[in-house]
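# Analysis of the macromolecular model
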Amino acid sequence: MQTAITSQLLKPGELRVAERALRACVHCGFCNATCPTYPILGSELEGPRGRIYLIKSVLEGRIPLGKAVVGHLDNCLSCFACETTCPSGVRYSHLIDPARALIEEGYRRPLLERLQRRLLAALLPYPSRFRLALRLAALARPFRALLPAALRGSLALVPKHVPRASRLTGQTLHRAEGDRRARVTLLTGCAQQVLGPGINDATIRLLTRLGCDVVLPPAMGCCGALVYHMGNRPGSLPHMRRNIDAWHAEMQAGASGGLDAILINTSGCGTVVKDYGHIFQDDPLYREQAARVAGIARDVSEFVHDLGIPAALFRKDVPLRVAYHDACSLQHAQRVKVPPRKLLRQAGFKVLDIPEGHLCCGSAGTYNLLKPATAGTLGEDKARHIATVTPDVVAAGNIGCIEQIANHSGVPIVHTVELLDWATGGPKPAALKES
């Protein structure tokens, strides 16, 4: 695709990446075949090819960032199925994220949208605030019919029960059992601490059981992904810098052994942490540190797969049928598909592939809060496909997917690491106990 970008809207590094991505696009349309929103919304501009054309036109100064353009770009899930389909290797992710930042900088949204986005940015990255907000939202359930449609959809996603906060994540160091094989840190996240604290607990137990020291720097916090994908850079970059500072300090701690890996058990967060080097490419103060951090960031399933679980640790009494759900951020953005499946099979589970597994479940960070109708359609489709393989349980590697699927499917759903922890001597996952 020829380009004539004269815009100064993007930073130099982003502009180079955007031009490279745009020139790589050959208009083939293969991306539309795997885009979740294209068949639902029924428009060329609701697929990657159309959105790429819109972004290109904005950067070339041929069209303004008006309501129609913003609407089409807002409808994108950022699932990046288009990236795994594209024969030309277009990095759509490096087009849509800067475009969203441009929208937030140069387009004035309607009042209700602005308030909703500001509220999400003020709550989700902060576990204490988010926990309180969920409890208050539960009290508002009886009055849901009186709220605007967008808020009614968000309220429907509020869990009936908010779990207790984890005690394990309050400790700064968890020692390896037996000989130490690695020293790692675990991103404990923000929303996951509130919605699924048992996931972090299971991860810590599994890693220490496998001989890992797990260090949790007190300064570590939200990775910035949720706010970043809303285009809110002023709100997201400080979170990222704080984590880079905390992790880089641990990497430099020679006396205590440095870090072998930065582990993430929420794949939506992992996608952004692995992209820190790109995000900070134009920042002279953080460019090198961000690249180093991104270089050792790994999904927990990748790390555990390569580290290996000794066969002697596996129990032999867990022959459940597990439907494995590929989170988009794991299968498309990070290209991690084999490790979680292989680990579950090694643990004795029968792993089932979900039909149309390349399609998003509709969670997509804050998408199911901002676009509940489209997200609901995708969630119902995912639940229907899950039902066709009659599993005992669904496993996934992302808290957003877990919450979204749980709202649409009656099958218990847990994090992959919770099953691995159980299979190697840990407690039975709470979702299985309840079922």
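Preceding this paragraph is the structure being described.
Structure report, in brief.

### Digging into unusual backbone geometry
- A positive phi angle, near 65 degrees, is found at histidine 27, a position not held by glycine.
- With respect to the helices, strands and loops of the structure, histidine 27 is situated in the loop between helix H1 (12–24) and helix H2 (30–34).
- For histidine 27, a relative accessible area of 43% puts it in the partly exposed group.
- The residue serine 78 is not glycine, and still its phi comes out positive at about 60 degrees.

### A word on the sheet that holds strand S5 (residues 297–299)
- Ordered in space as S1-S3-S2-S4-S5, the five strands form an open sheet in which the pairing is mixed. Each of the sheet's edge strands pairs with one partner strand only, and the pair in question is strand S1 (173–174) and S5.
- Inspection of the sheet shows strand S2 (residues 182–187) paired to strand S4 (residues 261–264) by four bridges, in the parallel sense. Pairing of leucine 187 across the sheet is with isoleucine 264, part of S4.
- Along the sheet, helix H18 (residues 300–307) makes contact with S2, strand S3 (212–215), S4 and S5, crossing S5 at roughly 85 degrees.

### A look at the nonpolar core
- Core analysis: the biggest nonpolar cluster contains 80 residues, and Val184, Val273, Tyr276, Phe303, Leu344, Phe349 and Leu419 have the highest contact counts within it.
- Counting residues in hydrophobic clusters, the runner-up holds 25 residues, among them Ala18, Ile52, Leu65 and Ala99.

### Structural notes on helix H17 (residues 287–295)
- Taken together, the buried positions of H17 are occupied by Ala290, Val293 and Ala294. The buried residues of H17 occupy an angular sector of 95 degrees when the element is viewed end-on, so they sit on one face. Counted as exposed and oriented over 90 degrees from the buried face of H17: Glu288 and Gly295.
- Taken together, the buried residues of H17 touch helix H14 (233–251), S4, helix H15 (267–273), helix H16 (276–279) and S5.

### Topic: the side chain of histidine 332
- Along the polypeptide, histidine 332 turns up in helix H19 (residues 328–333).
- Overall, histidine 332 belongs to the buried group, its relative accessible area being 4%.
- Within the structure, the side chain of histidine 332 is placed 2.9 Å from the backbone oxygen of histidine 358, a separation counted as a polar contact.

### Thoughts on the pattern of salt bridges
- All chains considered together, the criterion is met by 22 salt bridges.
- A salt bridge links glutamate 250 to arginine 183, with the nearest nitrogen and oxygen atoms 3.2 Å apart. Of this pair, glutamate 250 sits in helix H14 while arginine 183 sits in strand S2, and the two are 67 residues apart along the sequence.
- Note on glutamate 250: relative accessible area 17%, which makes it buried.
- When the shortest N-O distance is used, the salt bridge between aspartate 421 and arginine 209 registers 3.0 Å. One end of the pair, aspartate 421, is in helix H24 (residues 416–423); the other, arginine 209, is in helix H12 (residues 197–209), and 212 residues separate them in sequence. Assigned by exposure class, aspartate 421 and arginine 209 land together as buried.
- Among the ionic contacts, a cluster of salt bridges with common partners joins Asp74, Glu104, Arg109, Glu113 and Arg117.

### Quick notes on the packing of aromatic side chains
- Applying the stated criterion across every chain yields a total of four aromatic pairs.
- Both rings, one in tyrosine 276 and one in phenylalanine 280, keep their centres 6.2 Å apart while their planes meet at 85 degrees; by these two values the pair is edge-to-face.
- The exposure class assigned to phenylalanine 280 is buried, which follows from its relative accessible area of 2%.

### What to know about helix H8 (residues 111–123)
- A rise of 1.5 Å per residue sets the reference length of H8, with its 13 residues, at 18 Å; its end C-alpha atoms lie 18 Å apart and thus fit the reference within 8%.
- Inspection of H8 places Arg114, Gln116, Arg117, Leu120 and Ala121 among the buried residues, and these make up the whole buried set. Within H8, the buried residues cover an arc of 165 degrees as seen down the axis, which keeps them to one side. Facing away from the buried side of H8 by more than 90 degrees, the exposed set consists of Leu111, Arg118 and Leu119.

Calculation notes
- Counting starts from 1 at the beginning of each chain's written sequence and moves along it residue by residue.
- With the structure being a predicted model, the display of local features is reserved for residues of pLDDT at least 70 and the display and counting of side-chain atom pairs for 80 or more, all residues being used for whole-chain, interface and lining totals.
- Values reported for side chains reflect all heavy atoms of the structure, with hydrogen atoms and water molecules removed beforehand.
- Strands here are runs of E lasting at least two residues and helices are runs of H or I lasting at least four, both read from the DSSP assignment and numbered beginning at the N terminus.
- Accessibility here uses a 1.4 Å probe with only protein chains present; expressed as a share of the type maximum, an area under 20% marks a residue as buried, one over 50% as exposed, and anything in between as partly exposed.
- A pair of strands is considered paired only if DSSP assigns at least 2 bridges between the two.
- What makes two residues a contact is simply this: any of their non-hydrogen atoms within 4.5 Å.
- In this analysis an axis means a line fitted to C-alpha atoms, helices contributing only their contacting stretch, and an angle means the value between N-to-C directions, from 0 to 180 degrees.
- We call a set of buried residues a nonpolar core when its members are Ala, Val, Leu, Ile, Met, Phe, Trp, Tyr or Cys and they connect through side-chain atoms within 4.5 Å of each other.
- What the arc describes is the spread of directions from the helix axis to the C-beta atoms.
- Two N or O atoms form a polar contact when they lie within 3.5 Å of each other; inside protein one atom must be a possible hydrogen donor and the other a possible acceptor, and for residues adjacent in sequence the pair counts only when both atoms belong to side chains.
- Definition used for salt bridges: Asp or Glu carboxyl oxygen within 4 Å of a side-chain nitrogen of Lys or Arg.
- Each Phe, Tyr or Trp ring (for Trp, its six-membered ring) is paired with any other whose centre lies within 6.5 Å, and the angle between the two planes then decides the class: stacked below 30 degrees, edge-to-face above 60, tilted in between.
- Expected helix span is computed as 1.5 Å times (number of residues minus one).

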